[in-house]
Amino acid sequence: ASSASSASSASVTVFQHAFDTGSYPRVVVASGVQLGSLTANGPSLSVVLQPNCTVGSLASKLIAGAVESTPPSEAEVGASLGSVSVKALGAGSVYLLQLPSTNTSSQLTYRQPAGRVCYSTDLPPDRASLSRGADPWAECDADEAVRGSGDSYAYRVALSSTDTNGDYYVSAAEAAAAMAELRCCGGNCPQRSNCAAETFLLFPPLEDERLGEIDRFNLPQAEYFENVVRLNYTWLMGKPGAGCYERLYADLLPSPPSPPDEVGSLFSDGGEVMVTLAQAEPGEPGAAAYHSFERLLQLMGGEVAASNETAPQLLDQAARPDNWRLAQLDAQRLIADVRPDYGLRTSARPGFVTVDVVGGPGVPRLKFVYVTEPAFVALLPSDLLLLSAGLLSADVLQERVRLLNTGCLLWDRSQPLPSVDEVADAIAEAQANASELGARDEFTLRLVIDAHEQVRKSLAGWQELRGELLLLGDAVDGWGRPTVYHLPSCALAADCVGDNDRTLEAWGESYTRDSLLVAVSLAAAFGAVAGALLTIALLRVLHTIQRSVYRTKLRAATLQLQYAGLSARAARHLLEGLGEKLPKPPRSLGCIFYSMFVLIDDLTLIPLRQYFLSGSRGFRAFVSANVRRTDPRAPLATFEDFYTLYVLFCTQNEINPLSTDKLLREIRFDRGLGSRRGGLTMQTHTARRIRGLAWKRAGPLAAATPRSPFSPLSPAAREWSGGGGAPPALERVLTRGWLAEAALPEELPREHAEALADFIFDQCELGSGREFIDLDDREAVGEEAGQKAVSVGFASRFEAWCKREGRPAVSLDGQLWASALPTAAEFFPAVRVRVVYGGAWVAAGGARGGGGRRGIVPIDHAFCLPAFGFFREAEFTWRYWASA
């Protein structure tokens, strides 16, 4: 809506986008508003002029909208308009009622090819006369162009649209086609047009002397258009959107000396033009009531007619339907978009079509609903789609059509027409009392019947409609749904007109609705039972999947523990039975939900973490979390220990570790991103080693504590895994007697062999398959580097022990002395040792990159703890250690 100040110089311009065809906006000029000019253009835009507003210049170009100035009653005056130029294409219409024209003659310039023009005055016939004027071609120069005395755009347009084959002749078929573009012909309009009969007047019988020279129904252009001018068919001069205008007069009697006022230039292609003039003085007797339905002065098809006996009668009154019809473009749209797929009996697609009926004065808004299945009315298509799990669905279409007042019928607007619900109640009361309907109810019922029949014919033609065409009322029930009505077949038959059998009945949907409610109730009950069973099955499936995933994780952990240096037997001993003996989830709802979240984590988050942290990303995450960049020459760890810690890091974070070859490549190309000290490097050395032995540790847990600082076994894990004692495969205590069983070479003195055996028994213990003792002194690596610079080897310690014990010096050159080693130990004279340089391990419990107090953190590398939610009497023995 738009308004302006009281200044008459105010201007308003409104343009609607050409592609905005889904909405129907309105420009409203409120009462008392004065505008200098108003311009409104758009495909579906409408202009509403309220009573007593003033617009100096109105210019509008519409397609599906309308220009309306319709006061609520004849006692009020309509909008005061200056110059008016309205061009309504498509089904657009113009309604200007009660235009102020007191004591002044008026004239209207218009174009409406179908003759749907209503022009009236509120004065009686002895005070005003309606006429077309002496010259029908006064607003069009096409007649002069036909006679060869000038040029006319309308004539040139008519030539091009009529003589389509360009042979300078106009046949009856070409004339009928040109006429059908401008108006709908025949009694089956607007659903079907046949203009062949109306072209006969344009092809009159030929004189006798011309019978053999020319075909009567194929005339030269000049002769054909001469017939058009002779018949005063001004509407035939043009094409859709352009052509000749005509003029109508409402002259006061006797004629005043002043020239008549110009109502404006009104153009409507497929709609209608309705203009009523307020020429009587306010309060003049009979003036306000003269616009009643019975005494409306009307003009149609070029002849003046009045309902009183003194006025001349309309010549073709019997041929013109005195009722309402759909606009031809709207009817053709329903035929093209709805009829093939939803309206015909042979169609198969389910549909829910709403048809909004709008019209001009005297036509209330109606809403029809067409459904291919009655169930779509009992329950909305969206509800049926949800309740039927997608089995019952319908295509939802929305249509908007205009109902045209082909008989110029206007009801006295001071008495509003009843609603559909009120008419239905009046029909029920009349049938109960065997009485007649009132005039207002009869008028509305007739309008509803015509609108229903027009929509039905557009949907199915002259065949039986496939579905139900229903009318919605304004009242709603307790569920908020509008009342639904239907018209029995008798209401559509010609023999019912004027009888009390015409009726508007409430749609009998009770059976359908009850059946649907029973079906919905049964479906809901079945859904509840099926849902409970599916929930139980789903929980069982989730539990099974979770056990399977957990066992898979345990198997992966076993393999990774083997990569970390643990024997397969020891790894299986640690993880034995955890996967098979996974407890069932408790019955409490919280634990059930927790199991779901754990499963979601196993199926989504862990694979995502493996995807994003595997490969190079996982290596960089390990180095960032565990290594502090230092001097590039500082030894970090041997590659074997580095790989062990890397695999344990991957096991802890549930990501897939790289192979040794790929990890070597990552170290080789590590550039220390984000560090100024550079990246990691690796160097290779050759060393002599005794594998299978480890230096003996002091303390009560010496025989049960792993030697390697990188072993994944904690004391609590070792005690648990062996049922209170260490597994046999990890027993470290050496027993005497291996030397007596050993086959010593003759070159090795017995005294030297016994010295070696005593030293080993006193200082060493059995180690795992990955533990070793270097024969020579070497550079301290890893945690040793923080305590000492050199790691003393087997040879130096053995030499010092011999001096302390008074034993003879024993040469450890060559491999002869290795015969005195225990059976579980083996000497390797040349072992390639790879050492990683460029950093230091981050201290546990300390600050990154600094010192800090070292401590023990609870990392369950061995997967010895149960899942969260199943802790009962877990005891962490490390809490009571002095080192903790």
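One can find the structure itself at the top, above this paragraph.
Every value quoted in this text rests on a predicted model; they were computed, and no experiment measured them.

**Student:** How should the state of the cysteines be read in this particular structure?
**Tutor:** A disulfide bridge is the covalent bond that connects two cysteines by way of their sulfur atoms. Under the defined criterion, the tally for this structure stands at three disulfides. For C140, the disulfide goes to C244, at an S-S distance of 1.7 Å. Placement of C140 in the loop between strand 12 (128-131) and helix 1 (142-146) and of C244 in the loop between strand 16 (242-243) and strand 17 (246-252) is noted, with a sequence separation of 104 residues between them. The exposure classification of C140 matches that of C244, with both residues buried. Bridging C184 to C189, the disulfide has an S-S length of 2.1 Å. Looking along the S-S bond of the C184-C189 disulfide, the torsion reads about -105°, which is the left-handed sense. The pair formed by C184 and C189 is uniform in burial state, with each residue classed as buried.

**Student:** Would you explain the sheet that holds strand 23 (residues 351-359) in this entry?
**Tutor:** What holds strands together in a sheet is hydrogen bonding between their backbones, with the strands either parallel or antiparallel. Ordered by their spatial adjacency, seven strands build an open sheet running 22-25-23-24-26-27-28, and the pairing between neighbours is mixed. Looking at which strands have only one partner, the edges of the open sheet turn out to be strand 22 (324-326) and strand 28 (505-506). Pairing of strand 22 with strand 25 (residues 395-405), which is carried by three bridges, proceeds in the antiparallel orientation. By the bridge assignment for strand 25, W324 is matched with N405. In the packing of helix 5 (residues 328-337) onto the sheet, contacts are made with strand 22 and strand 25, and the angle to strand 25 comes to roughly 155°. Relative to strand 22, helix 10 (residues 439-460) is tilted by about 30°, and along the sheet it contacts strand 22, strand 23, strand 24 (366-371), strand 25 and strand 26 (468-476).

**Student:** I tried to follow the packing of aromatic side chains on my own but got confused; where do I start?
**Tutor:** What characterises a pair of aromatic rings is the spacing of the ring centres plus the angle enclosed by the ring planes. Using the criterion set out here, one finds 23 aromatic pairs in the structure. Ring plane angle 45° and centroid distance 6.2 Å describe the contact between Y643 and Y646, whose orientation is recorded as tilted. Of the two residues, Y643 and Y646 both sit in helix 15 (residues 639-653), three residues apart, roughly one turn of that helix. Per residue, the accessibility class of Y643 equals that of Y646, and both read buried. By way of ring pairs, the aromatic residues W695, F759, F794, F798, W801, W817 and F827 are connected into one cluster. Above the plane of the ring of F267 lies K87, whose end atom (NZ or CZ) is 5.3 Å from the centre. The ring centre of F772 lies 3.6 Å from the NZ or CZ of R689, which sits over that ring.

**Student:** Could you clarify how one ought to interpret the packing of helix 9 (residues 420-433) against helix 10 in this entry?
**Tutor:** Helices that pack against each other are described as a pair by the angle of their axes relative to one another and the distance between those axes. Running from N to C, helix 9 and helix 10 cross one another at 115°; their axes reach a closest spacing of 10 Å. With respect to each other, helix 9 and helix 10 are oriented roughly perpendicular. As helix 9 runs across helix 10, the sense of the crossing is left-handed. Between helix 9 and helix 10, the residues in contact are V423, A426 and I427 and D441, T444 and L445, respectively. Tallied by class, residues from the contact of helix 9 with helix 10 come to four nonpolar, one polar and one charged.

**Student:** Please clarify how the pairing of strand 11 (residues 117-121) should be interpreted in this entry.
**Tutor:** Looking down a regular strand, the side chains alternate between one sheet face and the other. Burial analysis of strand 11 places five of its five residues in the buried class, which makes it a mostly covered element. Residues of strand 11 alternate between two faces, with V117, Y119 and T121 on one and C118 and S120 on the opposite face, all of them buried. Direction of pairing for strand 11 relative to strand 19 (residues 273-278): parallel, over a ladder of five bridges. The residue bridging T121 from the neighbouring strand is L277, located in strand 19.

**Student:** Looking at this structure, how should I read the nonpolar core?
**Tutor:** Side chains of nonpolar character tend, in soluble globular proteins, to be buried together. L366, F368, L403, L471 and L504 are the most contacted members of the largest nonpolar core, which totals 38 residues. Every element with two or more residues in this core is listed here: strand 22, helix 5, strand 23, strand 24, strand 25, helix 9, helix 10 and strand 26. When residues in this core are grouped by element, the largest group, nine residues, is from helix 10. Apart from the residues within four sequence positions on either side, F368 is in contact with V353, T354, V355, V357, V448, A451, H452, V455, L469, L470 and L471.

**Student:** Would you take a moment to explain the side chain of D163 for this structure?
**Tutor:** Mapping D163 onto the fold places it in the loop between helix 2 (153-162) and strand 13 (169-171). Excluding residues within four positions of it along the chain, D163 makes contact with Y168, Y169, E174 and Q221.

**Student:** I'm lost on a negative patch on the surface in this one. Help?
**Tutor:** Together, E422, D425, E429 and D474 make up a region of like negative charge exposed at the surface. It is helix 9 that contributes the most residues to the negative patch, three residues altogether. You can see E429 is positioned in helix 9. According to the relative accessible area criterion, E429 is exposed, its value standing at 52%.

Calculation rules
Residues numbered from 1 in each chain as written. Predicted model: local features only at pLDDT ≥ 70, side-chain atom pairs only at ≥ 80, totals over all residues. Heavy atoms only, no water. Disulfide = S-S within 2.5 Å. Helix = DSSP H or I, 4+ residues; strand = E, 2+ residues; numbered from the N terminus. Buried < 20%, exposed > 50% of the residue type's maximum accessible area, 1.4 Å probe, protein only. Pairing = 2+ DSSP bridges. Contact = heavy atoms within 4.5 Å. Axes fitted to C-alpha atoms, helices over the stretch in contact; angles between N-to-C directions. Phe/Tyr/Trp six-rings, centres within 6.5 Å; stacked < 30°, edge-to-face > 60°. Lys NZ or Arg CZ within 6 Å of the ring centre and 35° of its normal. Parallel < 35°, antiparallel > 145°, perpendicular 65-115°, else oblique. Left-handed = near helix turned anticlockwise from the far one by under 90°. Nonpolar A, V, L, I, M, F, W, Y, C, P; charged D, E, K, R; others polar. Core = buried A, V, L, I, M, F, W, Y, C linked by side-chain atoms within 4.5 Å. Patch = residues over 30% accessible without salt bridge, like charges linked within 9 Å, V, L, I, M, F, W, Y side chains within 5 Å. Areas by Shrake-Rupley, 256 points an atom, 1.4 Å probe, with all protein chains shown as cover. Salt bridge = Lys/Arg side-chain N within 4 Å of Asp/Glu carboxyl O. Lys, Arg positive; Asp, Glu negative; His and termini not counted. Charge placed at Lys NZ, Arg CZ, Asp CG, Glu CD.

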